[in-house]
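A look at the structure
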Amino acid sequence: MTDVHLDLEAVEERDPGGRVTFHTEERHDALAGAPAPIQPDALDQSVVEEGKHLWTPYFFGGLFVVLVGGVAARYLSVNVPKWTADGGLSGIGASIEYPIYAIALGLLLNWLLRALGLRDKLSSGFRTEFFIKTGLVLLGATILITTLVSAAPSALVQGVIMITCVFGFTWFLAGKLGLDDRLRALLATAVSICGVSAAIAAAGAVRAKREQLAYAAGLVIIFALPSIFILPWLAGVMGLNEAVTGAWLGGNIDTTAAVAAAGAIAGENALKVATIVKMTQNALIGVVAVLLTAWFAFRVDKTADKPRPIEIWYRFPKFVLGFIAASIIATVWLSGDPEGGAQFSSVVKTLNQYFLTLAFVSIGLEFKVTSIKQAGWRPILVFGAAAVFNLLLALGVSSLLFHDFVVAS
Amino acid sequence: MSNHTAAGTPVPTEAARKFALSEDWVATIVGLAIVVLAMLGLITKGMLPL
């Protein structure tokens with residue numbers, strides 16, 4: 001899940017001008033296949049930031065920028081279809097969904113702030129994780145618990161198959177190309193589970209280095225952004241039904257925010273199935289983190305801490321509980337008050353779209369490629385091959401498991 | 001930000017976990033609070049301009 005922000009104590013060195021610098025030897029150790037000298041700004045500040053920097057004027061400034069972008073995106077998504085209704089562009093105007101406006105405006109603001117030298121300073125306010133998680137809890141209130149329960153077994157089977165096969169493929173290929181074990185673990189976890197969130201959990205489990213985490217996170221975003229637009233279009237070209245489309249998007253796009261964006265473009269029911277599938281995959285991160293900790297403790301770092309079962313709970317994404325609770329509350333409420341339910345559903349859906357819009361603006365604001373340029377071609381090749389494998393496997397598995405699934409309304 | 005250590009340092013998992021947990025819980029609480037307010041009719045369609 002976009003899963004993009006991580007707030008940690010920063011450890012990079014800075015020169016008197018405030019530029020980030022690294023030691024060349026350490027960089028070679030960290031990123032196999034990266035012989036080039038380390039450049040300033042190699043550490044992606046949008047990914048690795050300091051938690052203590054919250055509640056500063058820059059935090060509120062960043063938040064304000066996200067809100068401005070969100071209001072503008074909503075305004076455009078509501079009014080462009082009206083403005084173009086009578087002209088030759090009516091089809092195009094009506095077909096552009098709100099995630100497209102939000103991401104495009106986020107990218108535009110990103111460019112503008114970068115030109116003004118403010119983008120990195122304000123980045124602590126770009127809270128993609130918070131916006132997407134709140135939006136998904138609200139989405140839970142629009143999904144009947146019966147839908148959730150009926151989709152969960154297929155989603156769980158798909159999650160286990162996808163994680164096992166994609167992780168194994170990525171780990172194997174990265175090993176063949178001689179990548180460092182820790183970077184292998186980060187890339188394999190990121191591409192097989194839930195993007196940056198998974199990479200963060202894996203980084204803790206295998207004691208990865210900061211630049212490895214920043215690099216894996218950068219790759220996730222680079223690959224996720226085009227997927228948001230291309231995969232819903234491909235699903236339409238292939239004639240997939242909404243349930244299979246949702247399961248495919250949820251099963252192969254890495255970050256939760258990008259899954260939500262692609263699902264929203266594909267349709268309301270596709271978004272619901274995509275969210276259920278993605279959340280099931282997210283929920284398995286705790287199990288994978290413990291297994292990785294065990295592997296590195298017993299096979300790689302003989303002196304490392306041994307894993308504890310409680311880690312599964314620590315790593316469990318708690319907002320999944322909020323999503324399920326919202327679904328239960330809304331189902332009970334709607335069954336008892338069908339008349340008030342229409343107003344309730346309309347309000348919750350609108351607020352859900354508000355939060356998702358803010359998350360999508362944040363994705364655009366956080367987009368950054370500097371850390372990718374430093375690492376050479378081998379990790380990019382591994383991630384690209386794994387992404388294609390993930391795409392094809394998810395298509396097969398979701399077609400098998402969701403071809404006759406019906407989303408209850 | 002601290003200015004004294006170098007890249008290559010393992011990610012401090014405790015700091016990451018504490019923040020990730022709080023953001024997860026805050027999102028859950030805010031989301032559920034909105035659901036309850038909408039259920040009680042304290043947030044209405046007319047209050048949402050766009």
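Residues numbered from 1 in each chain as written. Chains lettered and ligands numbered in written order. Predicted model: local features only at pLDDT ≥ 70, side-chain atom pairs only at ≥ 80, totals over all residues.

Looking at the overall build of chain B
- Within chain B, the secondary structure is distributed over 1 helix and 0 strands.
- Sorting the 50 residues of chain B into buried and exposed places 34% on the buried side. (Helix = DSSP H or I, 4+ residues; strand = E, 2+ residues; numbered from the N terminus. Buried ≥ 20, exposed ≤ 12 C-beta atoms within 10 Å, placed from the backbone.)

A closer look at the overall build of chain A
- Regarding its fold elements, chain A presents 19 helices and 4 strands.
- Expressed as a percentage of its 409 residues, the buried residues of chain A come to 55%.
- Pairs at least 24 apart in sequence give 82% of the contacts found in chain A among residues at least 6 apart. (Contact = placed C-beta atoms within 7 Å.)

What to know about the packing of helix H10 (residues 210–238) of chain A against helix H19 (residues 377–402) of chain A
All names here are of chain A.
- One can describe the packing of H10 onto H19 by two numbers: an axis separation of 11 Å at closest approach and a directional angle of 45 degrees. Put simply, H10 runs oblique to H19. Two packed elements cross with a definite hand, and for H10 against H19 that hand is right-handed. Of the residues in H19, those in contact with Tyr215, Leu219 and Phe223 of H10 are Pro379, Ile380, Phe383 and Ala387.
- Partitioned by chemical class, the residues of the contact of H10 with H19 number 7 nonpolar, no polar and no charged. (Axes fitted to C-alpha atoms, helices over the stretch in contact; angles between N-to-C directions. Parallel < 35°, antiparallel > 145°, perpendicular 65-115°, else oblique. Left-handed = near helix turned anticlockwise from the far one by under 90°. Nonpolar A, V, L, I, M, F, W, Y, C, P; charged D, E, K, R; others polar.)

Points about the nonpolar core
- With 129 residues, the main nonpolar core has Leu186, Ala199 and Ala202 of chain A as its most contacted residues.
- Those residues in contact with Leu186 of chain A, other than ones at most four positions away along the chain, are Ala199, Ala202, Ala203, Ala208, Gln212, Leu213 and Ala216 of chain A. (Core = buried A, V, L, I, M, F, W, Y, C linked by C-beta atoms within 7 Å.)

Concerning H19 of chain A
Residue and element names in this part refer to chain A.
- Counted at 1.5 Å a residue, the expected span for H19 with its 26 residues is 38 Å, and the 36 Å between its end C-alpha atoms agrees.
- Every buried residue of H19 is listed here: Pro379, Val382, Phe383, Ala386, Ala387, Asn390, Ala394, Leu395, Val397, Ser398, Leu401 and Phe402.
- Packed against the buried residues of H19 are helix H7 (145–176), helix H8 (181–192), H10, helix H11 (242–252) and helix H13 (268–283). (Expected span 1.5 Å × (residues − 1).)

Quick look at the confidence of the model for chain A
- For chain A, per-residue confidence averages 80 on the pLDDT scale, and 82% of positions sit at 70 or higher.
- The element-level mean pLDDT for chain A is lowest in strand S3 (residues 20–21) of chain A, coming to 32, with H11 of chain A highest at 95. (pLDDT = per-residue confidence, 0-100.)

Some words on helix H14 (residues 285–300) of chain A
- Buried within H14 of chain A are the following residues: Ile285, Val288, Ala289, Val290, Leu292, Thr293 and Phe296 of chain A.
- Against H7, H8, helix H9 (195–206), H13 and helix H15 (310–315) of chain A lie the buried residues of H14 of chain A.

A short note on the environment of Ile222 of chain A
Residue and element names in this part refer to chain A.
- Within the secondary structure, Ile222 sits in helix H10.
- Residue class for Ile222 comes out partly exposed when judged on the 17 C-beta atoms lying within 10 Å of it.
- Separated by 145 residues in sequence, Ile222 and Phe367 place their C-alpha atoms 7.8 Å apart.

Let's talk about the packing of H11 of chain A against helix H12 (residues 256–266) of chain A
Residue and element names in this part refer to chain A.
- Look at H11 against H12: their axes get within 9 Å of each other, and the N-to-C directions meet at 160 degrees. Considered as vectors, H11 and H12 are oriented roughly antiparallel to each other. Crossing of H11 against H12: the hand is right-handed. The residues of H12 that touch H11, namely those facing Thr245, Gly246, Leu249 and Gly250, are Val259, Ala262, Gly263 and Ala266.
- Classifying every residue of the contact of H11 with H12 gives 4 nonpolar, 4 polar and no charged.

Points about the confidence of the model for chain B
All names here are of chain B.
- For chain B, the average pLDDT comes to 72, and 58% of its residues sit at 70 or higher.
- In the predicted structure, residues 1–7 sits below a pLDDT of 50 and forms 23 contacts with residues beyond four places in sequence or in another chain.
- Here the predicted complex scores 0.74 on pTM and 0.73 on ipTM.

Overview of the environment of Ile265 of chain A
Residue and element names in this part refer to chain A.
- Here Ile265 lies in helix H12.
- Assessed through the 23 C-beta atoms surrounding it within 10 Å, Ile265 is described here as buried.
- Taking the C-alpha atoms as reference points, Ile265 and Val290, separated by 25 residues in sequence, lie 35 Å from one another.
- Beyond its immediate chain neighbours, meaning those up to four positions away, Ile265 contacts Glu97, Pro99 and Pro232.

Some details on the environment of Arg114 of chain A
- Assignment of secondary structure puts Arg114 of chain A in helix H4 (residues 98–115).
- Taking the C-alpha atoms as reference, Arg114 of chain A lies 9.7 Å from Leu365 of chain A; in sequence the two are 251 residues apart.

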